[in-house]
Amino acid sequence: MTTAGEALMTGPGRVAPAGILVDDVSLTFDGSRPTPVLDRLRLEVRPREIVALIGPNGCGKSTLLRVIAGLLAPDEGSVSIDGRVVAAPDERVGLVFQEPRLLAWRSVEANVRFPLELAGWPRDRQRARVGELLDLMAILEVAAARPSTLSGGTAQRVAIARALALEPSVLLLDEPFTALDALTRERLNVELQALWERSAATIVLVTHSIPEAVFLADRVVVLSPRPAHVVADVPVPIERPRRLADLDSAFVSTVAAEVRSHLAGAAEGAA
Amino acid sequence: MSAVEHGRRRAQRNVGVRPRLDPAGRTGNAVLVALSLAAFLLVWQLVVWVSGFKSFILPGPYTVAERFVRAWAEGMMWPHVQQTLVEVLLGFAIGALVAVAAGVLLARSRLAERLLSPYLVAAQATPVLALAPLIVLWFGNGLLSKLVITTLIVFFPVAIATMVGIRGVDRRLLEMARSFRATDWQVIRRVEVPAALPSILGGMRVGITLAVIGAIVGEWAGGEKGVGVLINLARGSLFDIPLMFAALVTLALLGVTLYLVMVLVERRLVGER
């Protein structure tokens, strides 16, 4: 049987870690009043790095994530993963949304299997892969349950398992734990870190929580209000594995304070 | 046993199993239905007694029941019911299938909606009763004309329910599917239609009862067999009004049975969401 580590998207010898380059990307939403959302935004994410994007409400963080995922095409500039330009939803990218977005008529198991069906995997491979993912995310017990019977935390675990199904080398997380209570959120942050440690995934995480960003990320990138551009890139040189208790240390507090001051500065600059 | 299978069995024991109506509740409902039926029959019999109508104008429930049993026992009813049933089921299947496809098209294409909507509304506004003689003239008085009428009458409610259901699908689910590189066909088949199923089945519930009306209207406009033909015969050449009532009761039972089957299908497909 495959171990949980091997089951993850990028077990040794499975998928190589991928770097992301967001190269001077601009995007304006059309409408009665055109709204510039991204302004010559440049961001480089090294292979196997965790980068947290943080910024004021509505600044364009989620839009940037959708551009990286290939769901939105930029007006100018480009996004490339390992040197290959992303022009459409890309099989190397797994995306987890703020809400689990599970299909209510499918069981947990069938929800996790959904991307594999779309990709046309053979049934026996689908079965094996779904088993690995349910095991990995500790949701075997609810394999046959309907999404409406799940707690918020479990539903988001299912969404993460689904995002990992096609063995992506890049995992994009759009405020995935926002709707959860504080304790569940902390537990899932620890689980996400453990997941990453067993993998070669590159992760970009959008969050509003400075402690969450500092706990998970190697770098916290602060974005300006709309149209978004990078105003600060704050490294988080804390050893891994990190523990929740580390958040109380003086050093972490200093990093968090730096992020907070950049964030406040960006918001004031806009005002 | 695989890990997934094991998990599934445990989960079936622990979660996701909705409590059904308890037996006492179900018995209570059955008693209520029986009581309302008894009250209906009583009122019917009272009207017959009080009015003094002869049985060739308004037969009482006992007379109708007796004629109903005799018609079935003599084998007179079944060939007609069989014919109507074929017209209803085939017409419904064709109408519903075409309507779901049209509903998907109307929901996804504003151009298609603008082009087709006036015709759809005009067709719906014209009573099928007025169209039936023309359809029988064009397609003959065999099965085909009945199927055309039934298909037409089923089409509108199912197409509109499908369109409304698909337009109401949560756009976030569509974005999720697109993020996994779903094709248009995969989005329709695996997300939009299943998500819109409660609405589509609601339209079909209306459609199945209308299909019965369509088949009878078609039989009245011209036909050799069917419950509609039997009603005409009973009223006309046979002048057997109790038989006419027995045919009407058969028709009502047919409609209720088909409706209940649709409800069961609906519960089975969307009940656990």
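Just so we're clear, the structure is a prediction, and the values are computed from it rather than from any experiment.

How each quantity is defined
- Residues numbered from 1 in each chain as written.
- Chains lettered and ligands numbered in written order.
- Predicted model: local features only at pLDDT ≥ 70, side-chain atom pairs only at ≥ 80, totals over all residues.
- Pairing = 2+ DSSP bridges.
- Helix = DSSP H or I, 4+ residues; strand = E, 2+ residues; numbered from the N terminus.
- Axes fitted to C-alpha atoms, helices over the stretch in contact; angles between N-to-C directions.
- Domains from an automatic or database assignment.
- Buried ≥ 20, exposed ≤ 12 C-beta atoms within 10 Å, placed from the backbone.
- Parallel < 35°, antiparallel > 145°, perpendicular 65-115°, else oblique.
- Left-handed = near helix turned anticlockwise from the far one by under 90°.
- Contact = placed C-beta atoms within 7 Å.
- Nonpolar A, V, L, I, M, F, W, Y, C, P; charged D, E, K, R; others polar.
- pLDDT = per-residue confidence, 0-100.

## Digging into the sheet that holds strand β3 (residues 50-54) of chain A
Residues and elements named next belong to chain A.
Here's step 1: The 6 strands are arranged β6-β7-β8-β3-β9-β10 in an open sheet whose pairing can be described as mixed. Among the strands making up the open sheet, the edge pair consists of β6 (93-96) and β10 (230-235). For this sheet, the mean inter-axis angle between neighbouring strands, taken without regard to orientation, is 15°.
Here's step 2: In the sheet, β3 pairs with strand β8 (residues 202-206) via 4 bridges, with the strands oriented parallel. Bridge assignment links A52 to a residue of β8, and that residue is L205.

## Description of the domain arrangement of chain B
Here's step 1: Taken as a whole, chain B is organised into domain 1 (1-52) and domain 2 (59-270).
Here's step 2: When each unit is reduced to the centre of its C-alpha atoms, the spacing between domain 1 of chain B and domain 2 of chain B is 25 Å.

## Brief notes about the environment of A200 of chain A
Residues and elements named next belong to chain A.
Here's step 1: Note on placement: A200 falls in the loop between α6 (182-197) and β8.
Here's step 2: Overall, the presence of 19 C-beta atoms within 10 Å leaves A200 in the partly exposed class.
Here's step 3: Separated by 32 residues in sequence, A200 and P168 place their C-alpha atoms 9.9 Å apart.

## Some points on the packing of helix α9 (residues 184-221) of chain B against helix α10 (residues 227-235) of chain B
Residues and elements named next belong to chain B.
Here's step 1: In contact at an axis separation of 7 Å, α9 and α10 are set at 50° when each is read in the N-to-C sense. One way to sum up the angle between α9 and α10 is to call them oblique. Judged by the sense of rotation from one axis to the other, the crossing of α9 with α10 is right-handed. Contacts from A215, I216, E219 and W220 of α9 reach α10 at V227, G228, V229 and N232.
Here's step 2: Class assignment of the residues belonging to the contact of α9 with α10 gives a composition of 5 nonpolar, 2 polar and 1 charged.

## Re unusual backbone geometry
All names here are of chain A.
Here's step 1: That bond from R226 to P227 is cis: its omega, -5°, falls within 30 degrees of zero.
Here's step 2: Looking at where P227 falls in the secondary structure, it is placed in the loop between β9 (219-223) and β10.
Here's step 3: Following R240, the chain continues into P241 via a peptide bond in cis, with omega recorded as 0°.
Here's step 4: Here P241 shows up in the loop between β10 and α8 (250-270).
Here's step 5: In this model, D24 sits at a positive phi of 50°, which is unusual for a non-glycine residue.
Here's step 6: With respect to the helices and strands, D24 occurs in strand β1 (residues 20-29).
Here's step 7: By C-beta crowding, D24 is classed as partly exposed, having 14 other C-beta atoms within 10 Å.

## Considering the environment of I68 of chain A
Residues and elements named next belong to chain A.
Here's step 1: Considering the arrangement of structural elements, one finds I68 in helix α2 (residues 61-69).
Here's step 2: For I68 and V79, which are 11 residues apart along the polypeptide, the C-alpha to C-alpha distance reads 6.1 Å.
Here's step 3: Setting aside its immediate chain neighbours within four residues, I68 contacts I20, V22, V79, V86, L172 and V204.

## Considerations on the confidence of the model for chain A
Residue and element names in this part refer to chain A.
Here's step 1: In this model, chain A carries an average pLDDT of 89, and 93% of its residues clear a pLDDT of 70 or more.
Here's step 2: Mean pLDDT across the elements of chain A bottoms out in helix α1 (residues 4-7) (46) and peaks in helix α3 (residues 108-118) (97).
Here's step 3: The low-confidence segment residues 1-7 (pLDDT under 50) makes 12 contacts with residues lying over four places distant or belonging to another chain.

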